[in-house]
Amino acid sequence: MSIRLKWFFLVLMLAALAFGFLHLFADAGPYTFERLHIFLFNLCAGGSMILFFSEQPRRFSPRVCLFMALAMAYAVFAFLMIYIPAVILSLVLALIVESVRVQRFSLFPWGFFKKSEPVDQKFHQAALLCLSLGLTISAAVIVNNEYAKLISFAKLQLDVFFLGFSFPVSLITLSLIFSFMTGPETTGLRVLKEIGFWAVNLGVIIFFLFIIFEHLSSQVGVTLVLFAAVAMITVLYYRLGKVAQQKHFLTSGMGFLLITAVTGIGYIFAELGTGYTGEKYHWLLKLHAFASLYGWNLCGLAVIFRYDDFPIALHSRPLIIFHWITALALAPLGIYYPLFALMALACYAVLLYAILFAARAPQPMGGQ
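Keep in mind the model is a prediction, meaning the values are calculated, not measured.

## Observations concerning the overall build of the protein
Summing up its helical and strand segments, the protein has 13 helices and 0 strands in all. Helices and strands appear in the protein in the N-to-C order α-α-α-α-α-α-α-α-α-α-α-α-α. Over its C-alpha atoms the protein spans a radius of gyration of 20 Å, differing by no more than 12% from the 21 Å that the globule rule assigns to 368 residues. When its C-alpha atoms are laid out on the principal axes, the protein stretches across 60 × 45 × 45 Å. Here the protein, with 368 residues, has 54% of them falling under the buried criterion. Across the protein, the fraction of contacts at a sequence separation of at least 24, relative to all contacts at a separation of at least 6, is 78%. Accessible surface, the protein: about 16400 Å² in total, of which carbon and sulfur atoms supply 71%. In the protein, 23 positive and 15 negative side-chain charges are present, and the distance between their average locations comes to 10 Å.

## A look at empty space enclosed by the protein
Enumeration according to the criterion identifies 2 cavities of 30 Å³ or more in this entry. Of the voids in this model, the largest cavity is the one considered here, and its volume is about 60 Å³. Residue lining of the largest cavity: Phe 249, Ser 252, Leu 298, Cys 299, Ala 302, Leu 319, Ile 320, His 323, Leu 351 and Ile 355, and that is the complete set. When residues of the lining of the largest cavity are traced back to their parent elements, those giving at least two are helix 10 (245–272), helix 11 (282–305), helix 12 (316–334) and helix 13 (338–357).

## Description of the pattern of salt bridges
Under the defined criterion, the tally for this structure stands at 9 salt bridges. Residue Arg 63 pairs with Glu 55 through a salt bridge whose shortest N-O separation is 2.7 Å. Overall, Glu 55 belongs to the buried group, its relative accessible area being 4%. With a shortest N-O distance of 2.8 Å, Glu 98 and Arg 101 are connected by a salt bridge. One end of the pair is Glu 98 and the other is Arg 101, both in helix 4 (residues 83–104) and 3 residues apart, which spans about a single turn. The residues Glu 98 and Arg 101 share a single accessibility class, namely buried.

## Some words on the packing of helix 1 (residues 3–21) against helix 2 (residues 33–54)
Close contact between helix 1 and helix 2 brings their axes to 7 Å; oriented N to C, the two are set at 155 degrees. Classified by the angle between their axes, helix 1 and helix 2 sit roughly antiparallel to one another. Between helix 1 and helix 2 lies a crossing whose hand is left-handed. Of the residues in helix 2, those in contact with Phe 9, Leu 12, Met 13, Ala 15, Ala 16, Leu 17, Phe 19 and Gly 20 of helix 1 are Phe 33, Leu 36, His 37, Leu 40, Phe 41, Cys 44, Ala 45, Ser 48 and Met 49. Its residues assigned to classes, the contact of helix 1 with helix 2 shows 14 nonpolar, 3 polar and no charged.

## Concerning the side chain of Lys 122
Its place among the elements puts Lys 122 in helix 5 (residues 119–148). A polar atom in the side chain of Lys 122 sits 3.2 Å from the backbone oxygen of Phe 112. What Lys 122 contacts, discounting residues up to four positions off in sequence, is Gly 111, Phe 112, Lys 114, Glu 117, Arg 190, Glu 194 and Phe 197.

## Quick word on helix 1
Between the first and last C-alpha of helix 1 there are 28 Å, a value that for 19 residues agrees with the 27 Å anticipated at 1.5 Å per step. Every buried residue of helix 1 is accounted for by Leu 5, Lys 6, Phe 9, Leu 10, Leu 12, Met 13, Ala 16, Leu 17, Gly 20 and Phe 21. Where helix 1 is buried, its residues touch helix 2, helix 3 (62–79), helix 11, helix 12 and helix 13.

## A few points about the layout of surface pockets
Quantified by volume, the second largest pocket comes out at close to 710 Å³. Lining the second largest pocket are 27 residues, and of these Cys 130, Leu 133, Gly 134, Ile 137 and Ile 205 sit closest to its centre. Residue assignment for the lining of the second largest pocket shows that the elements contributing at least two residues are helix 5, helix 7 (167–179) and helix 8 (187–212). When the residues that make up the lining of the second largest pocket are grouped by side-chain class, the tally is 23 nonpolar, 4 polar and no charged.

## Considering unusual backbone geometry
In this model, Gln 56 is joined to Pro 57 through a cis peptide bond whose omega is -5 degrees. With respect to the helices, strands and loops of the structure, Pro 57 is situated in the loop between helix 2 and helix 3. Positive phi outside glycine occurs at Met 81, with the angle close to 60 degrees. Topologically, Met 81 is positioned in the loop between helix 3 and helix 4. A positive phi is found at Lys 149, a non-glycine position, where the angle reads about 55 degrees. With respect to the helices, strands and loops of the structure, Lys 149 is situated in the loop between helix 5 and helix 6 (158–161). We classify Lys 149 as exposed; its relative accessible area is 57%.

## Some remarks on the environment of Phe 25
Mapping Phe 25 onto the fold places it in the loop between helix 1 and helix 2. Overall, the relative accessible area of 45% leaves Phe 25 in the partly exposed class. Each C-alpha atom, one on Phe 25 and one on Leu 339, is 11 Å from the other, the two residues being 314 residues apart in sequence. If near-sequence neighbours (up to four positions away) are discounted, Phe 25 is found in contact with Pro 338, Ala 341 and Leu 342.

## Considerations on the packing of aromatic side chains
For the structure shown, the criterion picks out 31 aromatic pairs. Plain terms: the ring middles of Phe 197 and Trp 198 are 5.1 Å apart, the flat faces sit at 80 degrees to each other, and that makes the pair edge-to-face. Taking relative accessible area as the criterion, Trp 198 reaches 28% and is therefore assigned partly exposed. Ring geometry for Phe 256 against Trp 324: centres 4.3 Å apart, planes inclined by 25 degrees, an arrangement best described as stacked. Of this pair, Phe 256 sits in helix 10 while Trp 324 sits in helix 12, and the two are 68 residues apart along the sequence. Classification of Phe 256 by relative accessible area gives buried; the value is 0%.

Here is what the cut-offs are and how they apply
- Residues numbered from 1 in each chain as written.
- Predicted model: local features only at pLDDT ≥ 70, side-chain atom pairs only at ≥ 80, totals over all residues.
- Heavy atoms only, no water.
- Helix = DSSP H or I, 4+ residues; strand = E, 2+ residues; numbered from the N terminus.
- Rg over C-alpha atoms; globule rule 2.2 N^0.38 Å.
- Buried < 20%, exposed > 50% of the residue type's maximum accessible area, 1.4 Å probe, protein only.
- Contact = heavy atoms within 4.5 Å.
- Areas by Shrake-Rupley, 256 points an atom, 1.4 Å probe, with all protein chains shown as cover.
- Lys, Arg positive; Asp, Glu negative; His and termini not counted.
- Charge placed at Lys NZ, Arg CZ, Asp CG, Glu CD.
- 1 Å grid on protein atoms, 1.4 Å probe; cavity = no way out; pocket = protein on both sides within 12 Å on 5 of 7 lines; lining within 4 Å.
- Points joined across faces, edges and corners; volume = space filled by probe spheres on them.
- Salt bridge = Lys/Arg side-chain N within 4 Å of Asp/Glu carboxyl O.
- Axes fitted to C-alpha atoms, helices over the stretch in contact; angles between N-to-C directions.
- Parallel < 35°, antiparallel > 145°, perpendicular 65-115°, else oblique.
- Left-handed = near helix turned anticlockwise from the far one by under 90°.
- Nonpolar A, V, L, I, M, F, W, Y, C, P; charged D, E, K, R; others polar.
- Polar contact = N/O pair within 3.5 Å; in protein donor to acceptor, adjacent residues only side chain to side chain.
- Expected span 1.5 Å × (residues − 1).
- Phe/Tyr/Trp six-rings, centres within 6.5 Å; stacked < 30°, edge-to-face > 60°.

As structure tokens, this is what we get:
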């Protein structure tokens, strides 16, 4: 990746976090900064890196650059609530993603059902398919809510649905995790990997349906299944993940994912309890969001950013501790206090600079 592209992504991802705090410093009027906060990170940075990682050879081709430019335009139109161009752009973006997916895999995702298909490749195709479907469905949701008004659900709102754009980044990170697992492929291990794949994908789909239909008790059951699947994948990766610098980042990511699962379950139980109000548990929802977006998802993107450069010349463990403090302490507090928001932005900038610009280290004798 060129120096200019590294600076572009640093500024883009720093801007994404900044929009999460901007409500403390400016009045958005009828608009919501949350949309830019989500879109710039998940769709613009995350979606572009998924396409970059999917093309062979990996490169920022004209197709990836076009996706990145149109995704940024889509984010601006969605923020400004100018919906006709947003609908058109989302469908064009979906076609770009599908062109990459079909070229890399196949038109119909037959690989999901093949025993011979490696599970990391199943997650990889699922990330692309989820991204294209998410863009397509978002266009349908906009048309329904703003124009057709054929279906009416309290939870079928754009700001709720748009949160689903984090899922493709989660899937590509899981693809990385499974690709780094080593050891003999026994029947039992293969079954566990398949269970992990289907539990995560079907679990999230069913969970979103229960959100739309507001079945809180059913959401608890699904989140417990998802937590069990994440815990199983964590154990598998801890035992089978090959010893490499990337393992530090991905293991840290699994820690963030477990926190995401626990806080998600906690929030649903809070909704089921007496005396629940959105304002009362807003802090828990934000902790959940930061653990997911700027914790778990960033770990996966960090490995993709420098995929061909590892090992890189930085001390992984101190950087990971710094990441945890930033994502789980400073950033959530920054939602409420301007000083912590500025501290989180400064620390996040340092973190991104270290990830993107650390020099490539000499390969140690015998590998790492």
